[in-house]
Amino acid sequence: MIHRVNLNLLRSLKVLLEEQHVSHAADKLNLTQSAVSRQLSQLRSLFADPLLIREGNTLIPTPKALQLQTKLTHWFLELDDLLVEEAFEPAKWHGEFVLSSSDYVAQYILPDIVEALATQAPNVSMQYRLWQPDLLPQLAISDIQLASSMSPTQPEGVSSVQIGEDSPVCVMSHAHPLATQDTLSIDDLLTYAHIKVIGGGDKDSYVDEALAKLEKPRRFALKVPFFYAAAQSLCQSQHLLVIPEHIARNLKNHFSLTYKPLPITTPRHKYWLIWHAKYDNDQSHLWMRNLVLQVMSKAAYSIGYDSKS
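Residues numbered from 1 in each chain as written. Predicted model: local features only at pLDDT ≥ 70, side-chain atom pairs only at ≥ 80, totals over all residues. Heavy atoms only, no water.

Enquirer: I'd love a proper account of the packing of helix α6 (residues 110-120) against helix α11 (residues 283-298), names of residues and values included.
Expert: The contact between α6 and α11 brings their axes to 10 Å, and the two run at 130 degrees. It follows from the interaxial angle that α6 and α11 lie oblique. For the element pair α6 and α11, the recorded crossing hand is right-handed. Each of Asp112, Ile113, Ala116, Leu117 and Gln120 in α6 lies in contact with α11, whose residues at this interface are Trp287, Met288, Leu291, Val292 and Val295. Across the contact of α6 with α11, the residue classes tally to eight nonpolar, one polar and one charged. (Axes fitted to C-alpha atoms, helices over the stretch in contact; angles between N-to-C directions. Helix = DSSP H or I, 4+ residues; strand = E, 2+ residues; numbered from the N terminus. Parallel < 35°, antiparallel > 145°, perpendicular 65-115°, else oblique. Left-handed = near helix turned anticlockwise from the far one by under 90°. Contact = heavy atoms within 4.5 Å. Nonpolar A, V, L, I, M, F, W, Y, C, P; charged D, E, K, R; others polar.)

Enquirer: Lay out the side chain of Ser284 with the relevant residues and their values.
Expert: Mapped onto the elements, Ser284 comes out in helix α11. For Ser284, the contacting residues outside a window of four places in its chain are Phe88 and Trp93.

Enquirer: Report on the nonpolar core, specifying residues and quantitative values.
Expert: Core analysis: the largest hydrophobic core is formed by 44 residues, its most contacted members being Ile109, Ile113, Val171, Leu241, Ile243, Leu251 and Met288. The element that contributes the greatest number of residues to this core is α11, accounting for six residues. When sequence neighbours within four positions are dropped, the list of residues in contact with Leu241 reads Val169, Cys170, Val171, Ile195, Val197, Ala230 and Leu234. Core analysis: the second largest hydrophobic core is formed by 22 residues, Leu16, Val22, Leu51 and Phe76 among them. (Core = buried A, V, L, I, M, F, W, Y, C linked by side-chain atoms within 4.5 Å. Buried < 20%, exposed > 50% of the residue type's maximum accessible area, 1.4 Å probe, protein only.)

Enquirer: Hey, could you go over the sheet that holds strand β6 (residues 159-166) for me, with residue numbers and the actual values?
Expert: Ordered in space as β4-β3-β5-β12-β6, the five strands form an open sheet in which the pairing is mixed. Edge positions in the open sheet fall to β4 (124-130) and β6, since each of these has one partner strand only. Here the average twist between neighbouring strands, direction ignored, is 20 degrees. As paired strands, strand β5 (residues 146-150) and strand β12 (residues 269-275) are joined by four bridges and run antiparallel to one another. Bridge pairing in β12 places Met150 opposite Tyr271. This element, α6, spans β3 (95-101) and β4 of the sheet and lies at about 165 degrees to β4. Each of β3, β4, β5, β6 and β12 touches α11; the most contacted strand, β12, lies at about 155 degrees to it. (Pairing = 2+ DSSP bridges.)

Enquirer: A description of the packing of aromatic side chains should follow, citing residues and the corresponding values.
Expert: Going through the model one piece at a time under the given rule, you end up with nine aromatic pairs. Taking the centre distance of 6.0 Å and the plane angle of 90 degrees together, the rings of Trp93 and Trp287 count as edge-to-face. Pair noted here: Trp93 is in the loop between α4 (63-83) and β3 and Trp287 is in helix α11, with a separation of 194 residues, a long-range link. For the residue pair Trp93 and Trp287, the accessibility class agrees, reading buried in each case. (Phe/Tyr/Trp six-rings, centres within 6.5 Å; stacked < 30°, edge-to-face > 60°.)

Enquirer: I'd like a rundown of unusual backbone geometry, residues and numbers included.
Expert: Positioned with a positive phi, Ala48 is a non-glycine residue whose angle comes to about 55 degrees. Within the secondary structure, Ala48 is located in the loop between α3 (33-47) and β1 (52-55). Here Ala48 falls in the exposed class, since its relative accessible area comes to 71%. At Leu51, a residue that is not glycine, the phi angle is positive and equals roughly 65 degrees. Considering the arrangement of structural elements, one finds Leu51 in the loop between α3 and β1.

Enquirer: Which residues make up the sheet that holds strand β8 (residues 194-197), and what values go with them?
Expert: Across the sheet, which stays open at both edges, the five strands sit in the order β9-β8-β10-β7-β11 with mixed pairing between neighbours. Edge positions in the open sheet fall to β9 (220-224) and β11 (257-261), since each of these has one partner strand only. The mean inter-strand angle of the sheet, taken between neighbouring strand axes irrespective of direction, is 30 degrees. Inspection of the sheet shows β8 paired to strand β10 (residues 240-244) by two bridges, in the parallel sense. Of the residues in β10, the one forming a bridge with Ile195 is Leu241. Helix-sheet contacts for helix α9 (residues 227-235) involve β7 (168-173), β8, β9, β10 and β11, and the interaxial angle to β8 is about 170 degrees.

This is the structure:
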């Protein structure tokens, strides 16, 4: 029978049982009296019961109608609760949130995110995953809820917000033969072997594309997924490393490193916070991505850092 039931019919029945008067029910439902009379006729047919018997100017409910009234009152209360979204309270949020990005973010920015989360939503745990660009098409089915990544244009097929942008630079040890030069030439860039950070996406692909046009590829001595390992290796070798400027600037504060502008022009790096559109209107997710954005605007190690904040 359920496929034959019209929600408007049930609401009209509820009001008819409350008012026990067709014209009064019509006024409350903002319908004409004849429309409500037609609905009552449909309801009688649907439930195989007269439901309301005319007695003077009022309608007397049948036992069947009284049974339905109790059920309808409870059912509409539940329906109203279903349609009313409770205000989200971070302090009452229980669950796990999966965030994905590079090892650099894990080491230098994640602790600030965890601290803010522990203070504002203490019942939420966080799981962190190392991000790779090939995970982007899998966000619809992945349990990764939020990620940060680099892309020259806004990622397609997902929701996103730009965090910031910068350009690649060449990093080397303070003791490197090129460290005293103000500028580098392409020959300088190619004379020494390079280290490539492969974790978290392509951070120097623009450089290789520009050099490919000149038919002058780089030679790689080491490919490693971790910035810390790359920085340590730089300090103990004459290798070079091409990475985003904001990362180079911050690694310089922890290692005996320096960096120089590149001798070639490359597009700007753009950084995005990304998530699947299924989370667009989820209140807990909205709160969490705002928290991450807020931390990234204040964390000095982040591309989103605003020195004025």
